[in-house]
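Structure assessment
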Amino acid sequence: SIAKRDSFFWRILLIFCCCLISVSAFAQNDLTITPTVIPPYSPNLDVWMSNPSRVLITVINTSAKSYDIRLRGSAKNNDGSLSMETKDDAAVPVIHINPHESKQLNLNDFRVFDPNVVRFKGTNTTIIARTHLLPDGVYQLCVQALEYRSHTPLSPEQCTSFQITNADAPILLAPSNKAELDPQK
């Protein structure tokens, strides 16, 4: 009978642990996030910061609980030569989201292109920090909601892609090579 009691105890403990794990996993996905990048895609970081609605982030709270959140994320080019990642210790405003609320956020809330709030990684970081210009390429913008104080993830990371193409340098069309010019014209 002691064996039956021990077996019963272990079954109850196993069920309890499974319930805890499923509740914990569910709590991490109380929020859903959808990032959208609006064209045109400028290589100039200052253009992104002065037009915060170029990046829209929809946050939906699917739970009956309100949250104070912050956004974590990155913008990385596909060849791996550049990454801009938000600093978790940067001072950012609290975003409050009520139960079952849908909220539209922008670059004022998620400052992934702000040189003061991101960490640059890659080969061109000193040039980018000085010029505020991004190189050509396909970029992936990823966003995740975190609990404001503990930085516990409240949503899965969601990503979207966009392409930056710098304008080509001007090409001289006339006069043709070695052509003589008439100064009277």
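Below or above, wherever it landed, is the structure these notes cover. (Residues numbered from 1 in each chain as written. Predicted model: local features only at pLDDT ≥ 70, side-chain atom pairs only at ≥ 80, totals over all residues. Heavy atoms only, no water.)

1. A look at the side chain of Asn77
Under the convention used in this document: Starting at the N terminus, helices and strands are each numbered in turn, a helix being any DSSP run of H or I of at least four residues and a strand any DSSP run of E of at least two. Per-residue accessibility, obtained with a 1.4 Å probe over protein chains only, is compared with the maximum for each type, and a residue is labelled buried under 20%, exposed over 50%, and partly exposed between these values. Polar contact is defined as a pair of N or O atoms within 3.5 Å, subject to the rule that within protein one atom must be able to donate a hydrogen and the other to accept it, and that residues adjacent in sequence are counted only when both atoms are side-chain atoms.
With respect to the helices, strands and loops of the structure, Asn77 is situated in strand E3 (residues 67-77). Classification of Asn77 as buried rests on a relative accessible area of 5%. At a separation of 3.1 Å, a polar atom in the side chain of Asn77 contacts the side chain of Asp79.

2. Considerations on the state of the cysteines
Basically, it comes down to this: A pair of cysteine sulfur atoms is labelled a disulfide when the two atoms are within 2.5 Å.
All chains considered together, the criterion is met by 1 disulfide. A sulfur-sulfur separation of 2.0 Å characterises the disulfide bridge that pairs Cys142 with Cys159. On the S-S bond that ties Cys142 to Cys159, the torsion sits near 110 degrees, and the link is right-handed. A residue pair is termed long-range when its members are at least 10 positions apart, and Cys142 in strand E8 (residues 137-147) and Cys159 in strand E9 (residues 158-164) qualify at 17 residues. Given the relative accessible area of 5%, Cys142 is considered buried.

3. So, empty space enclosed by the protein
The cut-off we apply is this: Every definition here rests on a 1 Å grid over the protein atoms only: cavities are sets of points where a 1.4 Å probe fits but cannot get out, pockets are open sets enclosed by protein on both sides within 12 Å along at least five of seven lines, and lining residues have some atom within 4 Å of a point. Grid points are joined across faces, edges and corners, and a volume is the space filled by probe spheres set on the points.
Scanning all chains against the criterion turns up 1 cavity of 30 Å³ or more. Roughly 100 Å³ of internal volume is contained in the largest cavity. Lining of the largest cavity is provided by Arg70, Leu71, Thr86, Lys87, Asp88, Val92, Pro93, Ile95, Asp109, Phe110, Arg111 and Val117.

4. Examining the packing of aromatic side chains
Short version of the rule: Stacked, tilted and edge-to-face are the three classes assigned to paired rings of Phe, Tyr and Trp, where Trp is represented by its six-membered ring and a pair needs centres within 6.5 Å; plane angles under 30 degrees give stacked, over 60 edge-to-face, the rest tilted. Only Lys NZ and Arg CZ are tested; either one counts as a charge over a ring when it is within 6 Å of the ring centre and within 35 degrees of the ring normal.
Following the criterion strictly, the structure yields 3 aromatic pairs and no others. On the basis of an interplanar angle of 55 degrees and a centroid distance of 5.5 Å, the ring pair of Trp48 and Phe162 is categorised as tilted. Residue Trp48 is located in helix H2 (residues 45-50), and its partner Phe162 is located in strand E9; the two are separated by 114 residues in the primary sequence. Phe162 shares its class with Trp48; the two are buried. In this structure, Arg54 packs its charged tip against the face of Trp48, placed 5.4 Å from the ring centre. A cation over an aromatic ring shows up here: Arg70 above the ring of Tyr148, its NZ or CZ 5.5 Å from the ring centre.

5. Some remarks on the side chain of Arg54
The condition is simple: Counted as positive: Lys and Arg. Counted as negative: Asp and Glu. His and the chain ends are not counted at all. Between Lys or Arg on one side and Asp or Glu on the other, a salt bridge is scored when a side-chain nitrogen of the former is within 4 Å of a carboxyl oxygen of the latter. Throughout, a residue-residue contact means that at least one pair of heavy atoms, one from each residue, lies within 4.5 Å.
By secondary structure assignment, the location of Arg54 is in the loop between H2 and strand E2 (55-61). Buried and unpaired, Arg54 has Asp46 as its nearest opposite-charge partner, separated by 12 Å. Arg54 has contacts with Thr36, Val37, Ile38, Pro40, Tyr41, Ser42, Val47 and Trp48, leaving out every residue within four places of it along the chain.

6. Let's talk about the pattern of salt bridges
According to the stated counting rule, one finds 4 salt bridges in the structure shown. Here Arg111 makes a salt bridge to Asp114, at a shortest N to O gap of 3.5 Å. Taking the relative accessible area as the measure of exposure, Arg111 reaches 24% and is therefore partly exposed. Ionic contacts of the salt-bridge type, sharing partners, join the residues Lys76, Glu85 and Lys121 into one network.

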